Amino acid sequence: MAKQWTWGKIASAASILVLFVIVIHPMSWLFVSNFKTEADLLRFPPSFFPRDGFTFANFREVWERIPLLDFFKNTVIFAVGVTVLSVLFDSMAGYAFARLKFKGNKWMFTAVLITMMIPFQVMMIPLFVEVYKLGILNTYWGLILPRASSAFGIFLMRSFFVSLPKDLEESGRIDGLNEFQIYWKLMLPLCRSGMVTLGIYLLMNNWNDLLYPLMMTSSAEMRTLSAGLVMFVGQRSIEYGPTLAATTVSLLPLLLIYMFAQKYFVQGIATSGLKG
């Protein structure tokens, strides 16, 4: 029995090691490729380490050829703005669907869930026309407002609120709190892990999005990092070195945020319950 348990531990450790290598290998290749020359990147067969020596030319080229700071600023305003507004509105809608009894509650929530099945490509043209008619195309508001709420966020936050005991509401009403005060002072603090989970998801999704910011902006000054990287992709060629360097710069903030908020993210996924 002890021998079987030992072999079981060895098999588990080996499996974890294999998965770790599979996950970390692309990131390692990306990091090392930042310091390769263009000839090294195109050489076949490829090598993990650069044969022509390490170079910082890719980072210098990115800094000189594109307004990297402006792209970074636009990305922060867009991604953080969407995250803050969406977490607020999604939590309010999730609380209403989970705790308030009103006519049409179930079919309205079902309608919200159905929108999750509609591809973004179907809504691209109507959304573009709507933003253009409102006169906010190529502005921060034009980027943020259409994504100020999400069906997935409402679904996730409703799952958290459904799992809370109803005694909390009753105690709040006995203390003289109105419905918004119950939501804000009693319920919302208990869903902190859910809000962090949703916030990380929204931040990563909008930070890395390419199609939506590219569609909603018409000038280079309003481009985000993902949309700005398109400048290194031509009709017949791709500049791999600068593209990889710019990609690494855009990924670093997300990696740092995830490292610090990882425990809340895991806790949110584990405790959400995703109840119907």
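Calculation notes
Residues numbered from 1 in each chain as written. Predicted model: local features only at pLDDT ≥ 70, side-chain atom pairs only at ≥ 80, totals over all residues. Heavy atoms only, no water. Helix = DSSP H or I, 4+ residues; strand = E, 2+ residues; numbered from the N terminus. Rg over C-alpha atoms; globule rule 2.2 N^0.38 Å. Buried < 20%, exposed > 50% of the residue type's maximum accessible area, 1.4 Å probe, protein only. Contact = heavy atoms within 4.5 Å. Salt bridge = Lys/Arg side-chain N within 4 Å of Asp/Glu carboxyl O. Arc of directions from axis to C-beta. Domains from an automatic or database assignment. Buried area = accessible area lost by both parts, 1.4 Å probe. Polar contact = N/O pair within 3.5 Å; in protein donor to acceptor, adjacent residues only side chain to side chain. Nonpolar A, V, L, I, M, F, W, Y, C, P; charged D, E, K, R; others polar.

1. A look at the overall build of the chain
1) Next: In terms of regular secondary structure, the chain is built from 14 helices and zero strands.
2) Next: Order of helices (α) and strands (β) in the chain, N terminus to C terminus: α-α-α-α-α-α-α-α-α-α-α-α-α-α.
3) Next: Rg of the C-alpha trace for the chain: 23 Å, well past the compact-globule value of 19 Å for 276 residues, more than 25% over.
4) Next: In terms of overall dimensions, the chain has a C-alpha envelope of 75 × 70 × 30 Å along the principal axes.

2. Observations regarding the environment of E38
1) Next: Mapped onto the secondary structure, E38 falls in helix 2 (residues 38-42).
2) Next: For E38, a relative accessible area of 28% translates into the label partly exposed.
3) Next: As for E38 and N58, which are separated by 20 residues in sequence, their C-alpha atoms are 8.8 Å apart.
4) Next: With residues near it in sequence (within four places) discarded, E38 still touches I238, E239, Y240, G241 and P242.

3. Regarding the pattern of salt bridges
1) Next: Summed over the entire model, instances satisfying the criterion amount to five salt bridges.
2) Next: Between E169 and R99 there is a salt bridge, with its nearest N and O atoms 2.5 Å apart. Taken together, the residues E169 in helix 9 (residues 167-174) and R99 in helix 4 (residues 68-99) connect sequence positions 70 residues apart.
3) Next: For E169, a relative accessible area of 6% corresponds to the buried category.
4) Next: The class of R99 is buried, set by a relative accessible area of 9%.
5) Next: Its salt-bridge partner being E169, residue R173 comes within 3.5 Å of it at the nearest N-O pair. With R173 and E169 both in helix 9 and four residues apart, the pair spans about one turn of that helix.
6) Next: Sharing partners across several salt bridges, the network here consists of R99, E169, E170, R173 and E179.

4. Observations concerning helix 5 (residues 105-114)
1) Next: Along helix 5, the residues that are buried comprise N105, F109 and V112. Angular distribution of buried residues about the axis of helix 5 spans 55 degrees; they occupy a single face of the element. Facing away from the buried side of helix 5, by more than 90 degrees, are the exposed residues K106 and W107.
2) Next: Where helix 5 is buried, its residues contact helix 4 and helix 8 (151-162).

5. Considerations on the domain arrangement of the chain
1) Next: For the chain, the domain assignment lists domain 1 (7-61) and domain 2 (64-274).
2) Next: Between the C-alpha centres of domain 1 and domain 2 the distance comes to 31 Å.
3) Next: Listed by partner, the interface residues are eleven residues for domain 1 and 13 residues for domain 2.
4) Next: On the domain 1 side of the interface with domain 2, the three residues burying the most area are L30, E38 and E61, jointly 44% of the side's total.
5) Next: Counting across the interface, domain 1 meets domain 2 through zero salt bridges.
6) Next: Our count for the contact surface shared by domain 1 and domain 2 stands at two residue pairs in polar contact (both at pLDDT 80 or more).
7) Next: Those elements giving two or more residues to the side of domain 1 that touches domain 2 turn out to be helix 1 (2-33), helix 2 and helix 3 (57-65).
8) Next: If you tally residues by element for the side of domain 1 that touches domain 2, the top one is helix 3, at four residues.
9) Next: Across the side of domain 1 that touches domain 2, the residue classes break down as five nonpolar, three polar and three charged.

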